[in-house]
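# Close look at the chain arrangement
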There are 2 protein chains.
Amino acid sequence: MTAELLDPTAHVDLDPLAAALSPGALVTEPDVVAAHSKDWALFCEVGTARALVRATTVEDVQATLRFASEHRIPVVPQGTRTGLSGAANATDGALLLSVSKMDRVLEVNTVEMTCTVEPGIVNQDLKRHLADFDLAYPPDPGSVAISSIGGNVATNAGGLCCVKYGVTRDYVRSLTVVLADGRVTTVGRPTAKGVAGFELAGLFIGSEGSLGVIVGITLDLIPRIPDPLTAVGLFPDVVSASGAVCDFMATGARPSLLEFLDGRTLEILNAYGDFGLPEGAGAMLLVQSNGDGSQEAAVRELERFTEVANACGASEVMFSDDPADSELLVAARRAVAPAMEKYASTHGGGELVDDVCVPRGRLREFFARLVDIEAEHPEITICTCGHAGDGNMHPSIFFDAGDPESTRIAQEAFGEIMAAGLELGGTITGEHGVGYLKRDWLARELDPVSKEIHLGIKRALDPLGILNPGKMLASL
Amino acid sequence: MTAELLDPTAHVDLDPLAAALSPGALVTEPDVVAAHSKDWALFCEVGTARALVRATTVEDVQATLRFASEHRIPVVPQGTRTGLSGAANATDGALLLSVSKMDRVLEVNTVEMTCTVEPGIVNQDLKRHLADFDLAYPPDPGSVAISSIGGNVATNAGGLCCVKYGVTRDYVRSLTVVLADGRVTTVGRPTAKGVAGFELAGLFIGSEGSLGVIVGITLDLIPRIPDPLTAVGLFPDVVSASGAVCDFMATGARPSLLEFLDGRTLEILNAYGDFGLPEGAGAMLLVQSNGDGSQEAAVRELERFTEVANACGASEVMFSDDPADSELLVAARRAVAPAMEKYASTHGGGELVDDVCVPRGRLREFFARLVDIEAEHPEITICTCGHAGDGNMHPSIFFDAGDPESTRIAQEAFGEIMAAGLELGGTITGEHGVGYLKRDWLARELDPVSKEIHLGIKRALDPLGILNPGKMLASL
């Protein structure tokens, strides 16, 4: 796919590009370019980019892609670079194309219940803006406070609310996209329903910058989500907790949040912040229900959770209708990523976050495998949290980054976890994406025919292969 | 696209195909083939097919497509042929490939809340099957009692519940598809969430048989939908009724049904069945709310509808919590299609059903245009019903099918209605699809870049162009 790309070391006069862009949009200072050359993923190649384009208009994006097509220069589209798979990392000789400065809300339409935004707006900023209209955009990835909507769309971001409210894809009505050759098109539906032609918007969602650069997004919104009640279940071990997840969901439950934290994660959180989480448990389930606005329905649902949790061997189930308790618990859950990062920094420095998703009915088996994998590798530590209601688990592997053997074992365990996910009918990535990190694993998940379809579509949309090469599709 | 296809009149020995299929699957009797050569659309070309394959296995579908690829014979995939755009109509020399006999439920998974079915199962039969598990598959096109799930997926069918519960696309988790060359692949996610690679399932949904033949479907389900309360609003004219739709939805309402019927439609319904619908009104809105299981919330929502309807000039608003009333009203709404067909049969024989969808905020303007279009063409009659909450309207044009001038005017008005939809920021088809009927109009809706993407994807997936040629993509 990348055979015809320009040699990364070849000189290219960037003056014509600078002239075609908004003033100041082209940045070539090596320090600035380097500072924009990686996302939050570990163990992913970081190349040396040629330059950074800070686009402020659709025309900037078009000019960059026209220039890149002309010279066959790879382009790495970037939002706020908070991804966890290296999809936004620089490749050698590439142009980094950041849309993070294109961050305006262009319209909120309260009759149609949609909003139209530029890609750079941060998810939480949009949520705050919409609250004034009593409207909600549900998807809430862990990075909600720092990740952009464009990046959320490019990776089909998930989050905590997905178990009830779905993922980014479920809220994208239409997209304006600049193709590899610089042409612009709007795909998707202008209306609540529409079946005129192929669903092209869906193709760009989750394509990780490999098919086009998203420059405009119209999102479906819903009325403000009612405040939830919260319950917490403590379990002696991870397998019994995961069993409670299956059994609770099988009752037809519709929790607005159903999170899993293992015992070690609880300890790491308490060491990180003043969360006062219970310690000594093997695992905790955090459950919220909003009863779609009915307090009685929410209470009924959490009572049902209590019954199921007890039947599955919970040591304790607590229940609160104090919003402050709920907020603290959710804040603790949201602090897992920085808490684990801090923990890693004082425990060998190495952390690999996995993102396996399995059918809920296979969660017990998945956790049993996880216990085995950890037992086989005493050199590493695994802590797991995740969006249990969706079967989407984030085992984090901690290891000694200075020790090649510890690092090798961590990477081996990382693969064993994905292999377990695949064997149990799951996927290597529930929401973090493929990027550089899992490109070889994507080749294991997809069947040969599906791989060919991927490559055929890539050729149709990006015949020169300039868009984000070496990432998602590189091993197909 | 079809330049390389076999001459429709060329002889092909079908014995090797018959030998490769399940016994009896190949049907060449001209009467039977002819009886399977059209769907419910009017004014769509119906060709003479070469044969009919009644597939009962995935292998039958594969064998048919391998044979067709080898001989470059066009293939028309068919479900129960209840579509309204001619997408399932025979083309000359084609093989009709029916999957309507592949109609088994393969699995209902109550933990994962999914079911896996063959494509031929009828929507309502699946709904009944799922009711035993207290689970629901919401999409309910007008054809719910006769259309297959495979056809629903191939056309991304909508229905009455979409205003709250979304369309077919929103419930498809994964698809097993046979490609033009006979190879089979499964696309989509095995799990509640998943971002491994492109969203290929979405590409096949709504592709009307032009990219592959769907042979297996895994659907996301939801818990049983609570019973609704029903309200009816009567309005002096269509414009005031459509205004009430906009204003009600802008309050953040989440009705489970919000249907529009104009005065003439009410008369036609009463003439067709014993519905006892109010006559003399310019339009009626039929609204249901289930309050997500809370009777109080449902009552509040319908009270809000009453306020809004009165403010918009309703002459009367009625409200019922008797399930029998609700059922009768919905049954009346569902009888619109046969009632109009019967009306047409005694009023010139001609009926063209349009399917424009506009942003809800433009509904007033759309109806004002509709009034103008009808006034300009006294030779025809237009009756309109539709899924008002989604802005999806079905104006039906009645005309004298025996009079070429009346027919010409009807087709002109049919186009004017779509043009009005496009001008108001809408689409030519909200749920019925493009097929043969609107292929020229699709070329007007899509921008040039989007057209090229369509054709590029078609080439990537069906390089010989054997899948359903002459339909959706023929005018791009």
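It should be emphasised that the depicted structure is a prediction, and the values quoted were computed from it without experimental measurement.

Along its length, chain A carries 16 helices and 19 strands. The buried share of chain A, reckoned over its 476 residues, is 62%. Across chain A, contacts joining residues at least 24 apart in sequence account for 72% of those joining residues at least 6 apart. For chain A, the accessible surface area stands at approximately 16600 Å², while carbon and sulfur atoms represent 51% of it. Between the averaged position of the 36 positive side-chain charges in chain A and that of its 65 negative side-chain charges there is a distance of 6 Å.

Residue and element names in this part refer to chain A. In contact at an axis separation of 9 Å, helix α9 (residues 263-272) and helix α12 (residues 336-345) are set at 85 degrees when each is read in the N-to-C sense. When the axes of α9 and α12 are compared, the pair comes out roughly perpendicular. Two secondary-structure elements touch here, α9 through T265, I268, L269 and Y272 and α12 through V336, P338, A339, M340, K342 and Y343.

Let us now look at the packing of helix α11 (residues 323-334) of chain B against helix α12 (residues 336-345) of chain B. Residues and elements named next belong to chain B. Where α11 contacts α12, the two axes come as close as 5 Å, and the packing angle between them is 45 degrees. By the criterion of interaxial angle, the relationship of α11 to α12 is oblique. In this structure, α11 contributes A332, R333 and R334 to the contact, and α12 contributes V336, A337 and P338. Here the residues of the contact of α11 with α12 are counted per class, giving 4 nonpolar, no polar and 2 charged.

Right, let's get into the relation of the copies chain B and chain A. Laying chain B over chain A is done by rotating through 180 degrees and shifting 0.0 Å along the axis; what remains is an RMSD of 0.0 Å. Taken together, these values place the two copies in the relation of a two-fold axis. Of the residues that chain B buries at the interface, 100% are likewise interface residues in chain A, meaning the two copies contact each other through the same surface.

What follows concerns the sheet that holds strand β2 (residues 51-54) of chain A. All names here are of chain A. If you walk across this open sheet you meet the 4 strands as β1-β2-β4-β3, and the pairing is mixed. At either end of the open sheet lies a strand with only one pairing partner, and these are β1 (26-27) and β3 (75-78). Packing against the sheet, helix α3 (residues 58-71) makes contact with β2, β3 and β4 (95-98), and its axis sits at approximately 165 degrees to β4.

All names here are of chain A. Each assigned domain of chain A is listed here: domain 1 (105-223) and domain 2 (229-423). Look at where the C-alpha atoms of domain 1 and domain 2 centre, and you get two points 28 Å apart. Each partner contributes to the interface: domain 1 provides 11 residues, whereas domain 2 provides 15 residues. Overall, the association of domain 1 and domain 2 removes approximately 1000 Å² of surface from exposure, summing both partners, and the carbon and sulfur fraction of that is 50%. On the domain 1 side of the interface with domain 2, the three residues burying the most area are L160, V163 and K164, jointly 72% of the side's total.

A word on the pairing of β3(A). Residues and elements named next belong to chain A. Of the two faces of β3, the one holding V75 and P77 and the one holding V76 and Q78 are both buried throughout. Of the strand pairs in this sheet, β3 and β4 are connected by 4 bridges, and their pairing is parallel. Note that in β4 the partner of P77 across the bridge is L97.

This brings us to the packing of aromatic side chains. Residues and elements named next belong to chain A. Counted according to the given criterion, the structure contains 12 aromatic pairs over all chains. Taking the centre distance of 5.9 Å and the plane angle of 80 degrees together, the rings of Y137 and Y171 count as edge-to-face. Residue Y137 is found in the loop between β7 (135-136) and α5 (149-155), and its partner Y171 is found in the loop between α6 (162-165) and β8 (172-178); the two are separated by 34 residues along the sequence. The buried category is assigned to Y171, whose relative accessible area is 8%.

We now examine the side chain of E259(A). All names here are of chain A. Mapped onto the elements of the fold, E259 is located in strand β13 (residues 257-262). Of the residues examined, E259 reaches a relative accessible area of 0% and is grouped as buried. Side-chain polar atoms of E259 contact the side chain of R333, separated by 2.6 Å. Within the local environment of E259, its side chain forms a polar contact with the side chain of H387, the two groups lying 2.7 Å apart. Each residue touching E259, except ones within four places of it in the same chain, is listed here: L160, M284, L285, L286, R333, G386, H387 and A388.

So, about helix α4 (residues 123-131) of chain B. Residues and elements named next belong to chain B. Among the residues of α4, N123, L126 and L130 are the ones counted as buried. Taken end-on, α4 shows its buried residues confined to a sector of 65 degrees, consistent with a single buried face. The inward-facing, buried residues of α4 abut β5 (105-109), β6 (114-117), β7 (135-136), α5 (149-155) and β10 (213-220).

With that out of the way, let us pick up the UniProt feature "domain: FAD-binding PCMH-type" (unreviewed entry) in chain A. Mapped onto the present numbering, the UniProt feature "domain: FAD-binding PCMH-type" (unreviewed entry) falls on residues 45-224 of chain A. Secondary structure content for residues 45-224 of chain A is 22% helix and 25% strand, while the C-alpha to C-alpha distance between its ends is 41 Å.

What follows deals with the interface of chain B and chain A. Counting residues at the interface gives 77 residues for chain B and 78 residues for chain A. Both faces combined, the contact of chain B with chain A buries some 5800 Å², and carbon together with sulfur accounts for 65% of it. Of all residues in chain B, K193(B), V195(B) and F198(B) bury the most surface against chain A, accounting for 16% of the area lost on that side. At the junction of chain B and chain A, the tally comes to 4 salt bridges. E431(A) serves as the salt-bridge partner of K193(B), at 2.6 Å between the closest nitrogen and oxygen. Counting across the chain B and chain A interface gives 18 residue pairs in polar contact (both at pLDDT 80 or more). Of all the elements in the fold, those that place two or more residues in the side of chain B that touches chain A are β9 (184-188), α7 (200-204), β11 (222-223), α8 (238-249), α15 (439-445) and α16 (448-461) of chain B.

One side chain can pair with another of opposite charge once the charged atoms of both are near each other. Across all of its chains, the model carries 43 salt bridges over all chains by this definition. Note that R369(A) and E423(A) form a salt bridge whose closest N and O atoms lie 3.0 Å from each other. Placement of the pair is R369(A) in helix α13 (residues 363-376) and E423(A) in helix α14 (residues 404-423), with a sequence separation of 54 residues. A relative accessible area of 29% places R369(A) in the partly exposed class. A residue is classified by how much of its surface remains accessible, and E423(A), at 55% relative accessible area, is exposed. The partner of D134(B) in a salt bridge is R224(B), and the shortest N-O contact between them spans 3.8 Å. Here the residue D134(B) occupies a position in the loop between α4 and β7, and R224(B) occupies one in the loop between β11 and β12 (229-235), the gap between them amounting to 90 residues. Judged by its relative accessible area of 48%, D134(B) falls in the partly exposed class. The partly exposed category is assigned to R224(B), whose relative accessible area is 49%.

This paragraph deals with unusual backbone geometry. Residues and elements named next belong to chain B. You will see that D134, though not glycine, has its phi angle at about 60 degrees, which is positive. If you check the backbone angles, E208 has positive phi at about 55 degrees while not being a glycine. Following the sequence through the fold, E208 ends up in the loop between α7 and β10.

What counts and what doesn't
Residues numbered from 1 in each chain as written. Chains lettered and ligands numbered in written order. Predicted model: local features only at pLDDT ≥ 70, side-chain atom pairs only at ≥ 80, totals over all residues. Heavy atoms only, no water. Helix = DSSP H or I, 4+ residues; strand = E, 2+ residues; numbered from the N terminus. Buried < 20%, exposed > 50% of the residue type's maximum accessible area, 1.4 Å probe, protein only. Contact = heavy atoms within 4.5 Å. Areas by Shrake-Rupley, 256 points an atom, 1.4 Å probe, with all protein chains shown as cover. Lys, Arg positive; Asp, Glu negative; His and termini not counted. Charge placed at Lys NZ, Arg CZ, Asp CG, Glu CD. Axes fitted to C-alpha atoms, helices over the stretch in contact; angles between N-to-C directions. Parallel < 35°, antiparallel > 145°, perpendicular 65-115°, else oblique. Nonpolar A, V, L, I, M, F, W, Y, C, P; charged D, E, K, R; others polar. Least-squares fit on C-alpha atoms with pLDDT ≥ 70 in both. Pairing = 2+ DSSP bridges. Domains from an automatic or database assignment. Buried area = accessible area lost by both parts, 1.4 Å probe. Phe/Tyr/Trp six-rings, centres within 6.5 Å; stacked < 30°, edge-to-face > 60°. Polar contact = N/O pair within 3.5 Å; in protein donor to acceptor, adjacent residues only side chain to side chain. Arc of directions from axis to C-beta. UniProt positions renumbered as here; feature names shortened; annotations may be inferred. Salt bridge = Lys/Arg side-chain N within 4 Å of Asp/Glu carboxyl O.

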